[in-house]
Amino acid sequence: MNKLVRTHLCIILVALTLFMSACQANPGSKIVNSKNDGSFDASVIISAQEHHNPDETQELVYEEQFTSTDGSIEYYLRIDTTINAGDMPVVQVSPHYISEDDAERVAYTLFENVEYYEAEPMFDPVYSKNEIREKLARWSSYTTQDAITQLYGEERTDTAEIVKRFIEKYTELYETAPEENPHLGCQWEYKKESFYYEAESVASTLDTSNENDNIQATATIDGIHYLYKVSRRDNDDYKLNNISLYLYDGLGPDLIDENIFRAQLCRTDEPTDESIEIAKNKAVNMLNEIGFGDWIVDQCYVETKYYGEVAEYIINVTAVPVFGGVPVIRQDQITNLKSEENYASNYYLTDASFQFSANGDIVSFILTSPVDVVDTINSNVAVMPTDKLVDIAKTNLVLRDYYEYDEFGLVEISNEELTCKVTISDIEYGLARVKVPNTDESYYYIPALAIYGVVEYMDKNSGDIYYTSEEPILLITLNAIDGTIVNTING
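Rules of the game
- Residues numbered from 1 in each chain as written.
- Predicted model: local features only at pLDDT ≥ 70, side-chain atom pairs only at ≥ 80, totals over all residues.
- Heavy atoms only, no water.
- Helix = DSSP H or I, 4+ residues; strand = E, 2+ residues; numbered from the N terminus.
- Rg over C-alpha atoms; globule rule 2.2 N^0.38 Å.
- Buried < 20%, exposed > 50% of the residue type's maximum accessible area, 1.4 Å probe, protein only.
- Contact = heavy atoms within 4.5 Å.
- Areas by Shrake-Rupley, 256 points an atom, 1.4 Å probe, with all protein chains shown as cover.
- Phe/Tyr/Trp six-rings, centres within 6.5 Å; stacked < 30°, edge-to-face > 60°.
- Lys NZ or Arg CZ within 6 Å of the ring centre and 35° of its normal.
- Core = buried A, V, L, I, M, F, W, Y, C linked by side-chain atoms within 4.5 Å.
- Pairing = 2+ DSSP bridges.
- Patch = residues over 30% accessible without salt bridge, like charges linked within 9 Å, V, L, I, M, F, W, Y side chains within 5 Å.
- Salt bridge = Lys/Arg side-chain N within 4 Å of Asp/Glu carboxyl O.
- Lys, Arg positive; Asp, Glu negative; His and termini not counted.
- Charge placed at Lys NZ, Arg CZ, Asp CG, Glu CD.
- Expected span 1.5 Å × (residues − 1).
- Axes fitted to C-alpha atoms, helices over the stretch in contact; angles between N-to-C directions.
- Parallel < 35°, antiparallel > 145°, perpendicular 65-115°, else oblique.
- Left-handed = near helix turned anticlockwise from the far one by under 90°.
- Polar contact = N/O pair within 3.5 Å; in protein donor to acceptor, adjacent residues only side chain to side chain.
- Nonpolar A, V, L, I, M, F, W, Y, C, P; charged D, E, K, R; others polar.

Caption draft 1: Spotlight on the overall build of the protein. Counting its secondary structure elements, the protein contains eleven helices and 18 strands. Taking 23 Å as the expected radius of gyration for a compact globule of 491 residues, we find that the protein reaches 25 Å, a close match to that expectation. When its C-alpha atoms are laid out on the principal axes, the protein stretches across 75 × 55 × 50 Å. The buried share among the 491 residues of the protein stands at 49%. Considering only contacts within the protein whose residues lie at least 6 apart along the sequence, 70% involve residues at least 24 apart. Approximately 24,300 Å² of the protein is accessible, and the part contributed by carbon and sulfur atoms is 47%.

If you want it as structure tokens, here you go:
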């Protein structure tokens, strides 16, 4: 079994590596961030001369066009929106290291009445006869090409054969499998990650000093299997505190178990407005019970994926933390915690996300980087006028060229001369996180202005459109105290 599952895992890891490489954006112009000269530290203690009501707003209306310095980007600023104009705080936070009690509390918040078991080592699991019978029954429905195509929504020429090989192997394992349940109840104690991959006899011989601490547990709800995982790290290179829950029942053939479970949960009637609201309220209640500070739901939407003609519906609910009554602006998650760039973060941005079926079943959950409030530095910091911040943003945007937003290398591979059009239609005003100078695990949440736009690449001569971003992308985030650019890419 080890050889089979290891080979299967290697295929998955190679595919993931290629996928992640393909998703890396081409380097554009280098972002200039605030300098560590003490000026920003001094600014955070300067209070605004006036106080504003928490529900006070400001209307923003802009309609203009401008061009990048080299002429390769046409910007269309078309804003008609209302932003928060209440008092803006500066809050200092530090990573909240998830305790073993935290891990257990969150687990039972997600699934209140369920037995959690210690996760088996990925490469050396032990299953009971009953568990193997369940796997064989599940896989036996997917030994034909038609069944595979219906499940995955596409032809997979090798999957049916992979399933047959797993069935053969697990049929052999059944003979020596124990009758009784071999799994220990979850101990809610951290151990190094290797112990969840290798047998204890192997993991105990490894150097695990640089590994993350993990708690991994399994849970089963109405025949749907989940893996609950907590990761913690407090090393000099980077910090980590993450919790996740996702569909999983050990290594199987071509991720078939995850696809089967998701199909069972999500191939339903289209979610109604009522079911969407129920899912949103469920997420809010769970976040309140979890206890890692205040949160607000910033997105709630239905994602529809088609597998052939069959639709799967997932209700996505995401939330951001709130400090001093002001929500944090959603930013793209940091992808490189080991960056050596100045002011780079070594801790993921705080975030929470849920996926629910139309029936309210949890499909997945991720909570990233909870924080503890160290101090409110200023409850009403002085900020720059919004018009001035927009002007600063324009000054920075005109210095970019059409490589900046070219995620897929269109400029290089196209035989035609391309031009880029950016329609700026969204502005958010809230809090953004910046690193406290000369520290490894202390951050400020400061007032910030984020500007978003829809990007299009087109033939300069014919006007034919080659690419349009599906949603507005983040173009720039400005520190509203001093107008400097907030580092959102981490080098």
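After that view, the rundown keeps rolling.
Caption draft 2: Seen up close, the packing of aromatic side chains. Summed over all chains, the structure comprises 18 aromatic pairs. Look at Trp139 and Phe166: their rings are 5.7 Å apart centre to centre, the planes differ by 85 degrees, and that puts the pair in the edge-to-face class. Note that Trp139 is positioned in helix H4 (residues 129–139) and Phe166 in helix H6 (residues 159–176), a separation of 27 residues in sequence. On the accessibility criterion, Trp139 (0% relative accessible area) is buried. Exposure remark for Phe166: the relative accessible area of 0% places this residue in the buried category. Taken together, Tyr108, Tyr116, Trp188 and Tyr228 form an aromatic cluster joined through their ring pairs. If you follow Lys191 out to its NZ or CZ, it ends over the ring of Tyr196, 4.7 Å from the centre. Lys421 extends its terminal NZ or CZ atom over the ring of Tyr76, reaching a point 5.1 Å from the ring centre.

Caption draft 3: Quick look at the nonpolar core. Residues Tyr405, Val422 and Ile424 are the most contacted members of the largest nonpolar core, which totals 61 residues. For this core, the leading source of residues is strand E16 (residues 443–459), giving eleven residues. Ignoring anything within four residues of it in the chain, the contact list for Val422 reads Ile73, Glu74, Tyr75, Tyr76, Tyr405, Gly453, Val454, Val455 and Leu475.

Caption draft 4: Representation of the pairing of strand E17 (residues 465–468) in the model. Here three bridges tie E16 to E17, and the two strands are oriented antiparallel to one another. When the sheet's bridge partners are listed, Tyr457 is paired in E17 with Tyr467. The turn joining E16 and E17, which pair antiparallel and follow one another in sequence, is formed by five residues; a positive phi near 85 degrees is taken by Gly463.

Caption draft 5: Geometry of a negative patch on the surface. A surface patch of negative charge is lined by Glu100, Asp101, Glu104 and Glu189. Residue placement: Glu104 occurs in helix H3 (residues 100–110).

Caption draft 6: Spotlight on the pairing of strand E18 (residues 473–479). When you tally the buried positions in E18, you get six out of seven residues, the bulk of the element. With six bridges joining them, E16 and E18 adopt antiparallel strand pairing. Across the sheet, Ala450 pairs through a bridge with Thr477, a residue of E18.

Caption draft 7: Here's a closer look at the environment of Ile132. Looking at the secondary structure, you find Ile132 in helix H4. Considering only alpha carbons, one finds Ile132 and Glu416, 284 residues apart in sequence, at a separation of 57 Å.

Caption draft 8: Up close: H4. When we look at burial in H4, the residues that qualify are Lys129, Ile132, Lys135, Leu136, Arg138 and Trp139. For H4, the secondary structure elements touched by its buried residues are H6, strand E7 (224–234) and helix H8 (256–266).

Caption draft 9: Structural view of the pattern of salt bridges. Under the definition given, this model contains 24 salt bridges. Asp254 is the partner of Arg156 in a salt bridge, and the nearest nitrogen-oxygen pair spans 3.2 Å. Of the two residues, Arg156 sits in the loop between helix H5 (145–152) and H6 while Asp254 sits in the loop between strand E8 (239–247) and H8, which places them 98 residues apart along the sequence. The structure contains a network of salt bridges with shared partners spanning Glu134, Lys135, Arg138, Asp249 and Asp257.

Caption draft 10: Representation of helix H10 (residues 386–397) within the structure. Taking 1.5 Å per residue as the helical rise, H10 with its twelve residues ought to reach 16 Å, and the 16 Å between its terminal C-alpha atoms agrees with that figure. Within H10 the residues assigned to the buried category are Thr386, Leu389, Val390, Ile392, Ala393, Lys394 and Leu397.

Caption draft 11: Representation of the packing of H3 against helix H9 (residues 273–290) in the model. Where H3 meets H9, the axes come as close as 9 Å, and the angle between the chain directions of the two elements is 160 degrees. Between H3 and H9, the angle falls in the class roughly antiparallel. In terms of crossing hand, the pair formed by H3 and H9 is right-handed. On H9, the residues touching Arg105, Val106, Thr109 and Leu110 of H3 are Met286, Glu289 and Ile290.

Caption draft 12: Layout of the side chain of Ser469. For Ser469, the position within the fold is in the loop between E17 and E18. Among the residues examined, Ser469 registers a relative accessible area of 6% and is labelled buried. At a separation of 3.2 Å, a polar atom in the side chain of Ser469 contacts the main-chain carbonyl oxygen of Glu471. Ignoring any residue separated from it by four or fewer positions in sequence, one finds Ser469 in contact with Gly453, Val454 and Val455.

Caption draft 13: Inspection of the side chain of Gln216 at higher detail. Looking at the element boundaries, Gln216 is found in strand E6 (residues 213–221). If we ignore the near neighbours within four places in the chain, the residues touching Gln216 are Tyr117, Glu118, Ala119, Tyr196, Leu227, Tyr228 and Lys229.

Caption draft 14: The packing of H4 against H6, seen in detail. Contact pair H4 / H6: the axes reach a minimum separation of 10 Å and the direction vectors enclose 160 degrees. Taken together, the axis directions place H4 and H6 in an arrangement best described as roughly antiparallel. Crossing angle aside, the handedness with which H4 passes H6 is left-handed. For the pair H4 and H6, contact is made by Lys129, Ile132, Arg133, Lys135, Leu136 and Trp139 and by Val163, Phe166, Ile167, Tyr170, Thr171, Leu173, Tyr174, Glu175 and Thr176, respectively. Of the residues in the contact of H4 with H6, the class split is nine nonpolar, two polar and four charged.

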